[in-house]
Amino acid sequence: MRKDVLRTLKLTTGAIVVLSYMALSTAQEYGPGIVLLPILALALMPVGEWLDGRGPTYRRVTTIVTACYAVSLPFFFVLELLDAVTVLVIYIQLYTLLHMKTEKNYNHIALMSFFLLLAASVMSPTPFIGVVFLLYVIATVWHMIALEMFAAARNSGDDSSDILGVDGTVIDERPKRSFELRLVAWIVALCAVMIGLTALFFVSAPRLEA
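For the structure given in this document, a descriptive report is provided here. Everything numeric in this text was worked out from a predicted model, so none of it was measured.

Below, the discussion takes up the overall build of the protein chain. Across its full length, the protein chain carries seven helices and two strands. Helices (α) and strands (β) of the protein chain occur, in sequence order from the N terminus, as α-α-α-α-α-α-β-β-α. Residues classed as buried in the protein chain amount to 33% of the 210 residues present. Restricting to contacts in the protein chain with at least 6 residues of sequence separation, those with at least 24 account for 72%. Here the protein chain has roughly 12900 Å² of accessible surface; of this, 72% comes from carbon and sulfur atoms.

In this section: the packing of helix H2 (residues 36-54) against helix H4 (residues 81-97). Interaxial distance between H2 and H4 falls to 9 Å at its minimum, and their mutual angle equals 20°. It follows that H2 is roughly parallel to H4 by the angle criterion. Between H2 and H4 lies a crossing whose hand is right-handed. When H2 is examined against H4, the residues Leu37, Ala41, Leu42 and Met45 are found in contact with a partner set consisting of Ile90, Leu94 and Leu97.

Moving on, we get to the side chain of Ser113. Of note, Ser113 is situated in helix H5 (residues 103-121). For Ser113, the contacting residues outside a window of four places in its chain are Ile16, Val17, Ser20, Gln93 and Tyr136.

This next bit is on H2. When the terminal C-alpha atoms of H2 are compared, their 27 Å separation across 19 residues agrees well with the 27 Å that a helix rising 1.5 Å per residue should span. Where H2 bends most, the angle comes to about 45°, and this point is Met45, followed within four residues by the proline Pro46. Within H2, burial applies to Pro38, Ala41, Met45, Gly48, Glu49 and Asp52. Buried positions along H2 lie against helix H1 (3-25), helix H3 (56-76) and H4. In the segment just after H2, Gly55 is the residue with positive phi, at about 155°.

Right, let's talk about a nonpolar patch on the surface for a bit. Taken together, Leu40, Leu44, Val47, Trp50 and Leu51 make up a surface patch of nonpolar side chains, about 470 Å² in accessible area. Mapping Leu51 onto the fold places it in helix H2.

Calculation rules
Residues numbered from 1 in each chain as written. Predicted model: local features only at pLDDT ≥ 70, side-chain atom pairs only at ≥ 80, totals over all residues. Heavy atoms only, no water. Helix = DSSP H or I, 4+ residues; strand = E, 2+ residues; numbered from the N terminus. Buried < 20%, exposed > 50% of the residue type's maximum accessible area, 1.4 Å probe, protein only. Contact = heavy atoms within 4.5 Å. Areas by Shrake-Rupley, 256 points an atom, 1.4 Å probe, with all protein chains shown as cover. Axes fitted to C-alpha atoms, helices over the stretch in contact; angles between N-to-C directions. Parallel < 35°, antiparallel > 145°, perpendicular 65-115°, else oblique. Left-handed = near helix turned anticlockwise from the far one by under 90°. Expected span 1.5 Å × (residues − 1). Bend = angle between axes of the 7 residues up to and from the residue. Patch = residues over 30% accessible without salt bridge, like charges linked within 9 Å, V, L, I, M, F, W, Y side chains within 5 Å. Salt bridge = Lys/Arg side-chain N within 4 Å of Asp/Glu carboxyl O.

Structure below.
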């Protein structure tokens, strides 16, 4: 696995997670304090992944925590339905962040982020949510491309090492970076297209309260 792919994947995952909570923070129902939650979870993510890889104890403990949370779920439904679902989505996302992740887990995190963005959009957000949407579109494009490269590397068994001959000389030196200038240019162009399509859809879509 190339380090730049994994690094980009983790950075873009953190970006879409934080941006989804920033969207929630624009709603009167939550406020700026909610952003501290993903920042803390992302800071603890390396620790959680390390503990998860050390043995079954950590996963057993978090499973017990999940069971306790599941038992308490009926109490959350005294809230508004949207708030109760939002709390559930937040827990699923934080749980996934604090464990080792496969391609499927990264998809779950992105999906939970999108749900939070949708939840914020139907509350009472300030106009700043428009800026969050713009940044979210850009971060999502990078995240999806990094995730595809991550999955391709895992499936091909890429260990990012050079292939050596019997005498120890390099016979197949692999490129040092996955994100070459040409690929970055294509991603930037794709971001521009996505922003344009998003703006076009926003302007042309009918305004329905539901």
